[in-house]
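Listed here are the chains, written in short residue letters.
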Amino acid sequence: MGPEADLARIAHDPDRPEFHFLAPHNWMNDPNGPIFWKGEYHLFYQMNPHAAVWGDMHWGHAVSADMVHWRHLPIALAPTPHGHDSEGCFTGSTVVSGGRPTIIYTGVQNAPAEQATIRDGANKLRETQLLAVAEDDSLLRWKKEAEPVIAAPPPGMNVTGFRDPCPWREAGAWYLGIGSGERGKGGCVLLYRSEDLRHWEYLHRLAEGEPSGRAETNPVESGEMWECPDVFTIGKKHCLLYSTEGKVIWTTGDYDDQAHRYTVMRSGILDHGSYYAPKSFLAPGGRRILWGWITESRPDAEFSRAGWAGATSLPRVLSIGAEGQLEMRPAVELETLRGAADQISVKPGAPFRRNLDSLRQELTLHIPPLRRSAVTTRLRMNGSAKWELTVDVPGNTVRCGQIEFALPGQPWPRPELRIFLDGSIVEAFLGGREAITSRVYGLRPGQCELEIEVAGDRAITIDLWPLNPISQDRLTS
Ligand code: DQQ
């Protein structure tokens, strides 16, 4: 199907979200190199311009004044035939160096087995770290440097992968984390230092996991390869995120700025659902904002047929609690999408039911501290539940389909459950601490019923808002 027919069909696909950021069509995955530059938010992302399946990675590009409404821009990075990124421009970051935004990313090219850093059963690829410098202030034109700035992993290491560079500035120098790992040892983040972003000295492992004891052909599946490290500070506190085994792990810890060693003190799962490879940036005013890739949970053939796959999570503002727990909340800018508010009270034994005439909804369920209740929120189609989330305070558990985890410890920074429904995405935030992103295909406006049930001794107050779409045609721009 040609791109125009594809776009016309996508514009009427009720599964397609209407206020999350998506590629105009085809496949998207990791958010890349977010940056606030000259008064605008730029978001780059992994995308395949030719099909709605992973492959031939390019950097898509969009710009926004508010992190909510977007304008698509031309592709920022494309593979260079016969170059170090001939097989794909993988994930990376954007920094400002010498007054110019500069992308550092991983290029992949076919290579003989002894040079390959990706040997996952399907591919033999060599990964190197590459630079591209912005040639204009709209970040439309990028000049790639021909040779890698890091051409090979540290000598003597037989890595499971070598990608997704994450740089930061510290005491007048550049530092860089690269996702990696070793078979039988576990995933790790390799630490490098540079004066100029071009000449890098390898220091040591910044952080490392444990051997998983499992041998998978693809080391990401056994936790022996950590992807997409993200290293940053919030105030004086240090944080490292990484992705492996289909999950994103958050850690907070102690960083020794003399020895450049990081010790994990607390850790957890950043999102219990369909969420991977997030990337953060510093917004004006000091907020640390995180974008993540919302993955598909339906079979490849189905999303390929739909003509689009993947979405970007809502912007999440990160903070770190007194005891080192990662906290997050949806950015306040999202409130500009709200329509007329409605407030209801749901009593035990008297479920609330509403037919949804649109699949763009926000709900906040107020769950006061230590209230002994269990609250279930459900989406039904033709009488049967398609999605269900239970916050069971007396049972100390949260359940969502097959997913179950312990209720976050009280007091919660936000005593509420916030739920965003957008087409086939449900993004939920509990207590300001836990997140669960679900994919729910086949919901239809006018036929989808919202049901909220309370067990316990007291009623619960709920705020509801219909949300406006960010574009008229589901194509985001
Ligand atoms: N996706 C990119 C890699 C990264 C992976 C390739 C994580 O750079 O490790 O599309 O989803």
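Scoring rules and cut-offs
Residues numbered from 1 in each chain as written. Predicted model: local features only at pLDDT ≥ 70, side-chain atom pairs only at ≥ 80, totals over all residues. Heavy atoms only, no water. Near = heavy atom within 4 Å. Polar contact = N/O pair within 3.5 Å; in protein donor to acceptor, adjacent residues only side chain to side chain. Areas by Shrake-Rupley, 256 points an atom, 1.4 Å probe, with all protein chains shown as cover. 1 Å grid on protein atoms, 1.4 Å probe; cavity = no way out; pocket = protein on both sides within 12 Å on 5 of 7 lines; lining within 4 Å. Sits in = over half its atoms within 2 Å of the grid points. Domains from an automatic or database assignment. Buried area = accessible area lost by both parts, 1.4 Å probe. Salt bridge = Lys/Arg side-chain N within 4 Å of Asp/Glu carboxyl O. Helix = DSSP H or I, 4+ residues; strand = E, 2+ residues; numbered from the N terminus. Buried < 20%, exposed > 50% of the residue type's maximum accessible area, 1.4 Å probe, protein only. Pairing = 2+ DSSP bridges. Axes fitted to C-alpha atoms, helices over the stretch in contact; angles between N-to-C directions. Points joined across faces, edges and corners; volume = space filled by probe spheres on them. Nonpolar A, V, L, I, M, F, W, Y, C, P; charged D, E, K, R; others polar.

A word on the site of the ligand
Here comes step 1: Neighbouring the ligand are 14 residues; Asp30, Gln46, Arg163, Asp164 and Glu227 lie closest to it.
Here comes step 2: One nitrogen or oxygen atom from the side chain of Asn29 is found 3.0 Å from an oxygen atom belonging to the ligand.
Here comes step 3: In the environment of the ligand, an oxygen atom lies 2.9 Å from a nitrogen or oxygen atom belonging to the side chain of Arg163.
Here comes step 4: In the complex, 94% of the free accessible area of the ligand, which totals 300 Å², lies under the protein chains.
Here comes step 5: Mapping the ligand onto the cavity grids shows that it belongs to the largest pocket.

As for the domain arrangement of the protein
Here comes step 1: Segmenting the protein into domains produces domain 1 (3-330) and domain 2 (340-466).
Here comes step 2: For domain 1 and domain 2, the distance between their C-alpha centroids amounts to 31 Å.
Here comes step 3: The contact between domain 1 and domain 2 buries some 2400 Å² in all, and 53% of this surface belongs to carbon and sulfur atoms.
Here comes step 4: Seen at the junction of domain 1 and domain 2, the total is four salt bridges.
Here comes step 5: Between Glu427 and Arg316 there is a salt bridge whose closest N-O contact spans 3.0 Å.
Here comes step 6: For the interface between domain 1 and domain 2, the tally reads 20 residue pairs in polar contact (both at pLDDT 80 or more).

Some thoughts on the environment of Asp230
Here comes step 1: Tracing the backbone shows Asp230 in strand β14 (residues 227-234).
Here comes step 2: Owing to a relative accessible area of 3%, Asp230 belongs among the buried residues under this scheme.
Here comes step 3: Spatially, the C-alpha atom of Asp230 lies 9.5 Å from that of Ser93, the residues being 137 residues apart in sequence.
Here comes step 4: Of the polar contacts made by the side chain of Asp230, one reaches the side chain of Ser280; its length is 2.7 Å.

A look at the sheet that holds strand β13 (residues 200-208)
Here comes step 1: The sheet built from four strands is open, its strands ordered β10-β11-β12-β13 with antiparallel pairing. On the outer flanks of this sheet lie β10 (163-170) and β13, each paired with one strand and no other. Neighbour-to-neighbour, the strand axes of this sheet turn through a mean angle of 30°, independent of strand direction.
Here comes step 2: Relative to strand β12 (residues 186-194), strand β11 (residues 173-182) runs antiparallel, the two being bridged by nine bridges. Along β12, the bridge assignment pairs Gly181 with Gly187.

Quick notes on empty space enclosed by the protein
Using a probe with the size of a water molecule, rolled over the atoms, empty space left in the structure can be pinpointed.
Here comes step 1: According to the stated counting rule, one finds three cavities of 30 Å³ or more in the structure shown.
Here comes step 2: Roughly 60 Å³ of volume is contained in the largest cavity.
Here comes step 3: Every residue along the wall of the largest cavity is listed here: Leu356, Gln361, Leu363, Thr377, Leu379, Trp387, Ile419, Leu421 and Leu450.
Here comes step 4: Elements with a contribution of two residues or more to the lining of the largest cavity: β26 (360-366), β27 (374-381) and β31 (416-422).
Here comes step 5: Along the lines of polarity and charge, the residues of the lining of the largest cavity split into seven nonpolar, two polar and no charged.
Here comes step 6: Computed from the structure, the second largest cavity encloses a volume of approximately 50 Å³.
Here comes step 7: If you trace the second largest cavity, you find it lined by Phe19, His20, Phe21, Met67, Val68, Trp70, Trp291, Thr312, Ser313, Leu314, Pro315 and Leu334.
Here comes step 8: Looking at the lining of the second largest cavity residue by residue, the class counts come to nine nonpolar, three polar and no charged.

Considerations on the pairing of β12
Two faces, one strand: in a regular strand the side chains alternate between the faces of the sheet.
Here comes step 1: The buried count for β12 comes to eight of nine residues, which makes it a mostly enclosed element.
Here comes step 2: When β12 meets β13, the two strands line up antiparallel, connected through seven bridges. Following the sheet pairing, Leu190 is matched in β13 by Arg205.
Here comes step 3: Adjacent in sequence and paired antiparallel, β12 and β13 are bridged by five residues, among which Leu197 carries a positive phi angle near 70°.

Focus: the layout of surface pockets
Here comes step 1: Roughly 790 Å³ of volume is contained in the largest pocket.
Here comes step 2: Lining the largest pocket we find 31 residues, and of these Asn29, Trp54, Arg163, Asn218 and Glu227 sit closest to its centre.
Here comes step 3: Mapped onto the lining of the largest pocket, the elements with two or more residues apiece are β1 (26-37), β5 (88-97), β6 (100-110), β7 (118-119), β10, β14 and β18 (275-282).
Here comes step 4: With three residues, the single largest contributor to the lining of the largest pocket is β1.
Here comes step 5: Residues of the lining of the largest pocket, tallied by class, amount to 13 nonpolar, nine polar and nine charged.
Here comes step 6: Each pocket or cavity is described by its volume, and for the second largest pocket that value is around 690 Å³.
Here comes step 7: Contributing to the lining of the second largest pocket are 29 residues, with Val95, Pro167, Trp168, Leu282 and Arg288 lying nearest its centre.
Here comes step 8: Elements that contribute at least two residues to the lining of the second largest pocket include exactly β1, β5, β10, β14, β15 (237-244) and β18.

Regarding the pattern of salt bridges
Here comes step 1: In total, this model carries 32 salt bridges according to the counting rule given.
Here comes step 2: The shortest N-O distance in the salt bridge between Lys279 and Asp230 comes to 3.8 Å. Of this pair, Lys279 sits in strand β18 while Asp230 sits in strand β14; the two residues are 49 residues apart in sequence, bridging distant segments of the chain.
Here comes step 3: Taking the relative accessible area as the measure of exposure, Lys279 reaches 7% and is therefore buried.
Here comes step 4: One salt-bridge network, in which partners are shared between bridges, spans Arg353, Arg378, Arg380, Glu388, Glu449, Glu451 and Glu453.

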